[in-house]
Structure formats: structure tokens, C-alpha cells
Amino acid sequence: MAEGLRVQGLSVSYGPALIVHEVDLEVGAGATVSVVGPNGAGKTTVLRALSGLVLWEKSSSRQAGVQLVGEVWFGQERVDHLPAHQIASRGLILCPERRRPFREMTVEENLQAGAYLVRSRKVAQQRMAEVCRLFPVLRERGRQRAGTLSGGEQQMLAIGRALMGGPKLLMIDEPSTGLAPLVKQPLFARIREIKTLGIGILLVEQDAELALSMADSGYVLSQGRVVAQGSPAELLADEVVRRSYLGL
Ligand SMILES: Nc1ncnc2c1ncn2[C@@H]1O[C@H](COP(=O)(O)OP(=O)(O)O)[C@@H](O)[C@H]1O
Ligand SMILES: [Mg+2]
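Just so it is clear, the model here is predicted, and its values are computed rather than measured.

Draft legend 1. Seen up close, the site of ligand 1. Ligand 1 sits among Tyr14, Ile19, Pro38, Asn39, Gly40, Ala41, Gly42, Lys43, Thr44, Thr45 and Gln63. Within the backbone of glycine 42, a nitrogen or oxygen atom sits 3.0 Å from an oxygen atom of ligand 1. With respect to ligand 1, the side chain of threonine 44 contributes an N or O atom lying 2.8 Å from an oxygen atom. In isolation ligand 1 offers 560 Å² of accessible surface; the protein chains occlude 63% of this area. If you tally residues by element for the shell around ligand 1, the top one is helix H1 (residues 43-50), at three residues.

In C-alpha cells form, the structure reads like this:
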């Protein structure tokens, strides 16, 4: 079942650089919400914070001077102090930007890797069947090395791998980046279909029109702040938002 997400006052800084500033954001259970905005706005950092990856950097001191504040509620539970794997096992799952399959592994092995937190083999098999129904090309290419897939196929694999983890809310970072328009459309049709499976979606995209066209609501992020939010129709009709932040 889907689960709602509520983010309150999320701020992230790396040393003196304030990357995300007091972001409030909500995704209702089963809703699709798009976060759009220019390159460098802090979109990826928000998703990495929600996934526990910023906390991991902070606690493992992999990165100097990481500051992280704010509350993240997933369903009835506060999750911002949990380690990344526990956040994922609750169903808040990130499909990271730039796809990055394990190139030397087969497509099927990549998908299995997405189920590493899933204890039941039966559940993993059911999910594999569901992913292959959604993306038949992944079944066809199951034995092929992931590095040989096209860009669009690699993006399907990345989403498939995230689905193997059993998301209640799937966070997808820039699925369309680097893909030809002809490849984008069928990919987004599939993402729409994920929504019909009762999975919530938090979609981060630079292609604002495409992302907002399938969302229930949207946020515009610029320089780490939410500068506009509302229904997709409202955001796309706002001349200032279009010109200043969306480059439309
Ligand atoms: N680990 C980091 N250390 C320092 N600066 C970072 C780090 N990660 C991201 N940034 C900076 O934060 C800003 C926002 O980055 P990002 O979240 O990737 O934006 P977006 O996804 O919207 O393009 C950029 O200026 C980027 O250089
Ligand atoms: Mg990004």
C-alpha cells in the first residue's frame, strides 16, 4: 500500500554552502508529485536527504561539515534519523540520477540486486514478474550485460531495480535526462502506469512540462528554496514561474 510523505523545514549545507533551505513538501499516499527547477537548484540533494544518504555522509564523515536539519515523516513514522537501508526497507525508495547499472552484471542480476533487502524469495519472484510485465524489454534482455543497453533501456532498468525493493513511494531523479524525445514518451507512460499500481511517486525532473503533466501537484525549487507550489495547471500558467525558473 502507498504511504504519505511529509517533509518539514529540511535544510542541508555542506560547509558554508547552504544547498537546501527550509524546504516543506508533501506527497499524499499514492499521489504523484513533481519537483522541478533549474540545474543546481538542490533537487537531487533533497532526494538524497530523504533517502538517508546525506545523514550517512554526515555520520561517516565522508564529507566535511555536513549540516542536516528538519523532519521527515513517512506514514506515521519519523524517519529522518534512520539509516538509509532502514528507510528503503520501509518503502521509501530512490531511483538515483544517471541510472548507473552494474554494467558487467546481466540485466536480471541488476534487478535481483534491487531486492537485496527482500527476505522472501517468492516476493522477489513476484516483483520480478511485475517489473518484466511493465518493462518487457528487461525480460528480453535478461541475460545481456547491463552495459550494453541503450540509455532508455538503462533508465527502465534503474526504475525496475528500484521497484524490486517494493516501494510505497518511489523517488525518481531525472529519468529523462539525456534521452531522445522519442524515448521519453514511452518511458513516462510506464511511470504513469506505476502510479496505477498504488505506488506514490516523487518525480524530480528538469523537463518541467513533462513532469508536471503527469503530477497531482508540483513544487518549483530554485537555489535550495521552494519558490512556487501548486497544481500543475497553476504552475504552468504562471508567467513568472515559467520564465524565471522553468525556462519555458
Ligand atoms: N556533496 C556536496 N558538496 C558540496 N556541494 C554540493 C554537494 N552536493 C551538491 N552540491 C551543490 O549543491 C547544489 C545543488 O546540487 P543538486 O542537489 O545536485 O542540484 P540539482 O539536482 O537540482 O541539479 C549545486 O550547486 C551543487 O554543486
Ligand atoms: Mg540533480
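Draft legend 2. Quick look at the sheet that holds strand S7 (residues 169-173). Read across the open sheet, the six strands follow the order S6-S7-S8-S3-S9-S10; overall the sheet is mixed. Both edges of this open sheet fall to strand S6 (92-95) and strand S10 (225-230), since each of them pairs with a single strand only. Taking the axes of each pair of neighbouring strands and ignoring which way they run, one obtains an average angle of 20° across the sheet. In terms of strand pairing, strand S3 (residues 32-36) meets strand S9 (residues 217-222) through four bridges, oriented parallel. Bridge pairing in S9 places valine 35 opposite tyrosine 219. Sitting on the sheet, helix H11 (residues 239-246) touches S3, S9 and S10, and the angle it makes with S9 is about 50°.

Draft legend 3. Geometry of the pattern of salt bridges. Enumeration over the complete set of coordinates arrives at 16 salt bridges. Between glutamate 97 and arginine 98 there is a salt bridge, and its shortest N-O distance comes to 3.8 Å. Assessed through its relative accessible area of 24%, glutamate 97 is described here as partly exposed. The class of arginine 98 is exposed, set by a relative accessible area of 55%. A salt bridge links lysine 184 to aspartate 207, with the nearest nitrogen and oxygen atoms 2.9 Å apart. In this pair, lysine 184 is assigned in helix H8 (residues 181-196) and aspartate 207 in the loop between strand S8 (200-205) and helix H9 (208-213), connecting sequence segments 23 residues apart. Relative accessible area serves as the criterion here: at 16%, lysine 184 is assigned to the buried category. Residue classification places aspartate 207 among the partly exposed residues on the basis of a relative accessible area of 24%.

Draft legend 4. Main features of the packing of aromatic side chains. Per the counting criterion, the structure on display carries zero aromatic pairs. One residue, arginine 161, lies across the ring of phenylalanine 102, its end atom 5.2 Å from the ring centre.

Draft legend 5. Local environment of the environment of threonine 196. Checked against the element boundaries, threonine 196 lands in helix H8. In this structure threonine 196 comes out as exposed when scored by relative accessible area, which is 62%. Each C-alpha atom, one on threonine 196 and one on glycine 30, is 8.7 Å from the other, the two residues being 166 residues apart in sequence. Side-chain polar atoms of threonine 196 contact the backbone oxygen of glutamate 193, separated by 2.5 Å.

What counts, and where the lines are drawn
- Residues numbered from 1 in each chain as written.
- Chains lettered and ligands numbered in written order.
- Predicted model: local features only at pLDDT ≥ 70, side-chain atom pairs only at ≥ 80, totals over all residues.
- Heavy atoms only, no water.
- Near = heavy atom within 4 Å.
- Polar contact = N/O pair within 3.5 Å; in protein donor to acceptor, adjacent residues only side chain to side chain.
- Areas by Shrake-Rupley, 256 points an atom, 1.4 Å probe, with all protein chains shown as cover.
- Helix = DSSP H or I, 4+ residues; strand = E, 2+ residues; numbered from the N terminus.
- Pairing = 2+ DSSP bridges.
- Axes fitted to C-alpha atoms, helices over the stretch in contact; angles between N-to-C directions.
- Contact = heavy atoms within 4.5 Å.
- Salt bridge = Lys/Arg side-chain N within 4 Å of Asp/Glu carboxyl O.
- Buried < 20%, exposed > 50% of the residue type's maximum accessible area, 1.4 Å probe, protein only.
- Phe/Tyr/Trp six-rings, centres within 6.5 Å; stacked < 30°, edge-to-face > 60°.
- Lys NZ or Arg CZ within 6 Å of the ring centre and 35° of its normal.

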